[in-house]
Amino acid sequence: MSNTNVNVSFACQRCFEPIRLDSSFNSISEHTIAELSLPIVTCPEVDLESQAKHIDHMIPGFHLNDSSSGNNGFTLLGEGETPTLSHQMKVAANLFDIVSGNSKINHPLCDECTDVLMDMMEEELQQAEADYVDYSNYLKELSTEEPEDMDALNKELEDLLKEEKKLMGELATLQDTENALDCDIKEAEKEKERLIKEEERYWKEYSKHRRDCILIEDKQKSVECQIIYTTSQLAKLRKTNVFNATFHIWHHGHFGTINKLRLGRLPSAPVDWAEINAAWGQVTLLLVSLARYMNLKFEKYRLVPYGNHSYVEVLGEKKTLPLYGQGGIRFVWNTKFDLAMVAFLDCLQQFKEEVEKGNSGFHLPYRMEKGKIEDSATGNTYNIRIQLNSEEGWTKALKFMLTNLKWGLGWVSAKINHEM
């Protein structure tokens, strides 16, 4: 291995690898440094030979060198003196600064970076030469073309100016039209907003009216349903006889009944007097209702239905006869009850006469006279009084009386249906 020491003072400015300067850097003259210090001007070219005097004036008359003697630490050396290492590095550094200042590349460079840089500059040179050839050819073409007619060019210029003026006028017209359209668009936008608000208000009112309409339709349908139901009920009521629905006269064994209330008494079936009195109240109400329908006013009597305490008023005498009993010994009983039943039978006879008027041919089945009822089938007569009468006879008379009422009720019902 060699023991020679290599001093390294600089690094490549591209790859930063340490480099060793060539020995020629130690022998650079002042003239060379002065020439390199001049600015590079491409045009006009500088004649370095003619500027030699000025370059000479720029060369310093001495070198700086390290020295340990002297008052200021420097020693003036002549041309023949050997430069020191410090002076050589300063010169090399100054040289690299000058070169770097006159180009876009920082120096120093190593061999590899220099080769790469040279290749790049070679490519740039080739591209510049190719551009130069293209520009030269284009210049030749321009120089060989015949000059155009100036009159034709002036005329074409005038035509173009006229066309430009015309187009500028059209442009102004179009701008005016555009401004007018912008105004129209703004007005249309305002109208659009107004219509949108109007539409919203319309739909709100429409929804409100639609809701009201639906509610009214519901009410109308409800009323129609009520009318249909009421009409059907009215038809039923018209077909229904009020008297038949209110007063149901039938029989229960030996007893005549009205609304299931027995009228009469038997030793084998002692009916309670409360039931008998209630039955008399129903009978009184029925005869009064039939007479009212026929506009019949009874002579001498006025029947007053008052439930189980109904009674008969004797007109002109201001006397009332009870149509209800209280039980007790039959022979010592108050005779007013018997007189009330006789008065009732007299009113029923008046009703019979009113019904049988005319030539209708309708007659009640049992003849009634002075408190007695005659069975036309057997010819037997039954008294409606309790005193001096048997319970069987009294019950039979009451049953025949209810039968006459049932027939009279049927005749009135038929008349009502005929009128409807």
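Residues numbered from 1 in each chain as written. Predicted model: local features only at pLDDT ≥ 70, side-chain atom pairs only at ≥ 80, totals over all residues. Heavy atoms only, no water.

**Here's the deal with the pairing of strand β7 (residues 311-314)**
Consecutive residues of a regular strand have side chains that alternate between opposite faces of the sheet.
Stage number 1. Alternating positions in β7 separate cleanly, Val312 and Val314 being buried on one face and Tyr311 and Glu313 remaining unburied on the opposite face.
Stage number 2. Of the strand pairs in this sheet, strand β6 (residues 301-304) and β7 are connected by four bridges, and their pairing is antiparallel. Residue pairing for β7: Leu303 is matched across the bridge by Val312.
Stage number 3. In sequence, β6 turns back onto β7 through a hairpin of six residues, with Gly307 there showing a positive phi of about 65°. (Buried < 20%, exposed > 50% of the residue type's maximum accessible area, 1.4 Å probe, protein only. Helix = DSSP H or I, 4+ residues; strand = E, 2+ residues; numbered from the N terminus. Pairing = 2+ DSSP bridges.)

**Topic: the environment of His363**
Stage number 1. Looking at where His363 falls in the secondary structure, it is placed in the loop between α8 (336-355) and β9 (367-369).
Stage number 2. Those residues in contact with His363, other than ones at most four positions away along the chain, are Glu356 and Trp407. (Contact = heavy atoms within 4.5 Å.)

**A closer look at the packing of aromatic side chains**
Stage number 1. Taken as a whole and judged by the stated rule, the model has eight aromatic pairs.
Stage number 2. Here a set of aromatic residues connected by ring pairs shows up, and it is made of Tyr202, Trp203 and Tyr206.
Stage number 3. Seen from the ring of Phe255, Arg262 lies directly overhead, with NZ or CZ sitting 5.7 Å from the centre. (Phe/Tyr/Trp six-rings, centres within 6.5 Å; stacked < 30°, edge-to-face > 60°. Lys NZ or Arg CZ within 6 Å of the ring centre and 35° of its normal.)

**Digging into the pattern of salt bridges**
Stage number 1. As enumerated under the stated definition, the model contains 13 salt bridges in all.
Stage number 2. Residue Asp159 pairs with Lys155 through a salt bridge whose shortest N-O separation is 3.4 Å. With Asp159 and Lys155 both in helix α5 (residues 150-239) and four residues apart, the pair spans about one turn of that helix.
Stage number 3. Judged by relative accessible area, which is 37%, Asp159 ranks as partly exposed.
Stage number 4. Each of the salt bridges in this network shares a partner with another, and the network as a whole consists of Glu198, Arg201 and Glu205. (Salt bridge = Lys/Arg side-chain N within 4 Å of Asp/Glu carboxyl O.)

**Quick notes on a negative patch on the surface**
Stage number 1. On the surface, a cluster of negative charge is contributed by Glu17, Asp111, Glu112, Asp115, Asp119, Glu122, Glu123, Glu124 and Glu129.
Stage number 2. Checked against the element boundaries, Asp111 lands in helix α4 (residues 111-144). (Patch = residues over 30% accessible without salt bridge, like charges linked within 9 Å, V, L, I, M, F, W, Y side chains within 5 Å. Areas by Shrake-Rupley, 256 points an atom, 1.4 Å probe, with all protein chains shown as cover. Lys, Arg positive; Asp, Glu negative; His and termini not counted. Charge placed at Lys NZ, Arg CZ, Asp CG, Glu CD.)

**Brief notes about the confidence of the model for the protein**
Stage number 1. Model confidence for the protein is summarised by a mean pLDDT of 79, while 78% of its residues fall at 70 or above.
Stage number 2. Within the model, pLDDT remains below 50 along residues 1-6, and this stretch shows one contact once partners closer than five positions in the same chain are excluded.
Stage number 3. Confidence drops under a pLDDT of 50 for residues 43-81, and excluding neighbours within four residues, the segment shows 32 contacts in the predicted structure. (pLDDT = per-residue confidence, 0-100.)

**Here we look at the environment of His252**
Stage number 1. Summarising the element assignment, His252 is placed in strand β3 (residues 249-252).
Stage number 2. Here the alpha-carbon distance between His252 and Leu263, two residues 11 residues apart in the chain, equals 9.8 Å.
Stage number 3. The contact partners of His252, leaving out residues within four places of it in the chain, are Thr257 and Arg262.

**Quick word on the nonpolar core**
Stage number 1. Counting residues in hydrophobic clusters, the biggest one holds 56 residues, and the most contacted among them are Trp280 and Met401.
Stage number 2. For this core, the secondary-structure elements that each account for two or more residues are β4 (255-258), α7 (273-293), β6, β7, α8 and α9 (391-419).
Stage number 3. The greatest single-element share of this core, amounting to 11 residues, is contributed by α8.
Stage number 4. Met401 has contacts with Leu263, Trp280, Val283, Phe344, Leu345, Leu348, Ile373 and Ile384, leaving out every residue within four places of it along the chain. (Core = buried A, V, L, I, M, F, W, Y, C linked by side-chain atoms within 4.5 Å.)

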